[in-house]
Amino acid sequence: MKDVKRILITGGAGFIGSHLCEKLLGDGHEILCVDNCFTGTKMHIRHLLHHPRFEFIRHDITFPLYVEVDEIYNLACPASPIHYQFEPVQTTKTSVHGAINMLGLAKRVRAKIFQASTSEVYGDPELHPQPETYWGNVNPIGPRSCYDEGKRCAETLFFDYHRKHRLKIKVARIFNTYGPRMHPNDGRVVSNFVVQALKGEPLTVYGDGGQTRSFCYIEDLVEGIVRFMNSDSELTGPLNLGNPVENSILQLAEAVISLTGSSSQINYQSLPVDDPRQRKPDISLAVSKLDWEPKVALEQGLIRTIEYFRANLSNHTE
Ligand SMILES: NC(=O)c1ccc[n+]([C@@H]2O[C@H](COP(=O)([O-])OP(=O)(O)OC[C@H]3O[C@@H](n4cnc5c(N)ncnc54)[C@H](O)[C@@H]3O)[C@@H](O)[C@H]2O)c1
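Caption draft 1: Molecular detail of the pattern of salt bridges. What the rule picks out here adds up to 14 salt bridges. Its salt-bridge partner being Glu-149, residue Arg-152 comes within 3.5 Å of it at the nearest N-O pair. Taken together, the residues Arg-152 and Glu-149, both in helix α4 (residues 145–165) and three residues apart, mark about one turn of the helix. Using a relative accessible area of 28% as the deciding quantity, one classes Arg-152 as partly exposed. Close ionic contact of Arg-173 with Glu-155 constitutes a salt bridge, the shortest N to O distance being 2.7 Å. Of the two residues, Arg-173 is situated in strand β6 (residues 169–174) and Glu-155 in helix α4; the sequence distance between them amounts to 18 residues. Taking the relative accessible area as the measure of exposure, Arg-173 reaches 8% and is therefore buried.

Now the structure itself:
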């Protein structure tokens, strides 16, 4: 029989967190989902609420939490610029005070703890693709710093708890992920395009659309997160998780128009300052240590994402 673990997932009512709740519940574990519902919603976990091994607590992780668990996945944090810049001080607090609270809890109950860090810790990188050994090029005082520097400080805290208190840590740097339950109005390119196409509105492409991005489907990411958590304890990370396959923004726009069957046109606008030409993870560490790599092709993932938005768009308010 498999070991049943008591698992705390912070940010469990969010996009990635809700899929992780489903996966770990499906694997037979007891799930404690904690979320303050800032960007997440109980709608994402409503199908799990009556499950005997699932419990939801509305709680802000900038305040201490006292529970007994075996593992913690710390995902709580707004993830898109529109959301994390809304209350930048709260964003930094969520990353830093939230990490201190969750690490303190992990230390007290001797739980293994996973941190959802981000490719944004590389800032505006001078190196492509970025390996985990790259220290990044981050502006400490800009409008994105509340997120980037908050996540960097959280990584520091994780490694200090590991060195000082021998805590078992797993720090993943997550790259662009997409799929069902993304927020429809958070300004991210996949959800933007899908929503615009379904509404028959023009798709906004900045510049000539030749800039490339790589997109990881949620199912692949969740598989990577769980494999990482269950890997040897020496593998602390930081570890990149993302899809290295690059697509131009124009290719993405054309794929969304064709898969939705939309009559939308493309509306070209000038390129914002700081828009990187390329974003691509180096996942060789995850491939070699976890035998993990993304499997879902962009078209397949887009079809499932479009299905979700087609069914749910009317439930979301502006
Ligand atoms: N989606 C991506 O492409 C991506 C990329 C890199 C890193 N990440 C990281 O993964 C994690 C999850 O991202 P997501 O895309 O699911 O975003 P999301 O906004 O859907 O999920 C974050 C969840 O955290 C909750 N939350 C925010 N502040 C909180 C607080 N103080 N206390 C308790 N709950 C709080 C929100 O309500 C939400 O449910 C985040 O930490 C994010 O930084 C995501």
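Next comes the rest of the write-up.
Caption draft 2: Structural view of the sheet that holds strand β1 (residues 6–10). Reading across the sheet, the seven strands line up as β3-β2-β1-β4-β5-β6-β11 and stay open at both edges, with parallel pairing between neighbours. Where the open sheet ends on each side, the last strands, each with one partner, are β3 (54–58) and β11 (239–241). Neighbouring strand axes in the sheet, compared pairwise and without regard to direction, differ in orientation by 20° on average. Sheet topology places β1 next to strand β4 (residues 71–74); four bridges connect them, and they run parallel.

Caption draft 3: Examining the site of the ligand more closely. Taken together, the neighbourhood of the ligand is formed by 31 residues, with Ile-16, Asp-35, Thr-39, Tyr-147 and Lys-151 sitting nearest. Between an oxygen atom of the ligand and a main-chain N or O atom of Ile-16, the distance comes to 2.8 Å. Thr-39 is positioned such that a nitrogen or oxygen atom in its side chain is 2.6 Å from an oxygen atom of the ligand. Surface burial for the ligand is 96%, taken as the share of its 820 Å² of free accessible area covered by protein chains. Those elements giving two or more residues to the shell around the ligand turn out to be α1 (15–26), α3 (88–109), β5 (112–118) and α4.

Caption draft 4: Structural detail: the side chain of Glu-155. Judged by its relative accessible area of 8%, Glu-155 falls in the buried class. If sequence neighbours within four positions are ignored, Glu-155 has contacts with Ser-117, Val-121, Val-171, Arg-173 and Pro-238.

Caption draft 5: Local environment of the packing of helix α5 (residues 189–198) against helix α7 (residues 249–260). Contact pair α5 / α7: the axes reach a minimum separation of 9 Å and the direction vectors enclose 40°. Between α5 and α7 the crossing geometry is right-handed. Here α5 contributes Val-189, Val-190, Phe-193, Val-194, Ala-197 and Leu-198 to the contact with α7, which in turn contributes Ile-249, Leu-252, Ala-253, Val-256 and Thr-260. Within the contact of α5 with α7, the residues separate by chemical class into 10 nonpolar, one polar and no charged.

Caption draft 6: Local environment of the nonpolar core. In terms of nonpolar packing, the biggest core is built from 60 residues, with Leu-20, Phe-54, Tyr-73, Phe-114 and Ile-225 touching the most fellow members. Of the residues forming this core, the biggest block, seven residues, is contributed by helix α6 (residues 218–229). Leaving out residues up to four positions away in the same chain, Ile-225 has contacts with Ile-16, Leu-20, Tyr-73, Phe-114, Ile-174 and Leu-241. Grouped together as the second largest cluster of nonpolar side chains are 26 residues, Ile-72, Ala-111, Phe-159 and Ile-169 included.

Caption draft 7: Structural context of the packing of α1 against α6. Two numbers describe how α1 lies on α6: the axes approach to 10 Å, and their chain directions differ by 65°. Considering only the axes of α1 and α6, their crossing is right-handed. For the pair α1 and α6, the contacting residues are Phe-15, Ile-16, His-19, Leu-20, Lys-23 and Leu-24 in the first and Ile-218, Leu-221, Val-222, Glu-223, Ile-225 and Val-226 in the second. Class assignment for the residues of the contact of α1 with α6 results in nine nonpolar, one polar and two charged.

Criteria and thresholds
- Residues numbered from 1 in each chain as written.
- Predicted model: local features only at pLDDT ≥ 70, side-chain atom pairs only at ≥ 80, totals over all residues.
- Heavy atoms only, no water.
- Salt bridge = Lys/Arg side-chain N within 4 Å of Asp/Glu carboxyl O.
- Helix = DSSP H or I, 4+ residues; strand = E, 2+ residues; numbered from the N terminus.
- Buried < 20%, exposed > 50% of the residue type's maximum accessible area, 1.4 Å probe, protein only.
- Pairing = 2+ DSSP bridges.
- Axes fitted to C-alpha atoms, helices over the stretch in contact; angles between N-to-C directions.
- Near = heavy atom within 4 Å.
- Polar contact = N/O pair within 3.5 Å; in protein donor to acceptor, adjacent residues only side chain to side chain.
- Areas by Shrake-Rupley, 256 points an atom, 1.4 Å probe, with all protein chains shown as cover.
- Contact = heavy atoms within 4.5 Å.
- Left-handed = near helix turned anticlockwise from the far one by under 90°.
- Nonpolar A, V, L, I, M, F, W, Y, C, P; charged D, E, K, R; others polar.
- Core = buried A, V, L, I, M, F, W, Y, C linked by side-chain atoms within 4.5 Å.

By themselves, these are just geometric observations and shouldn't be taken as functional.
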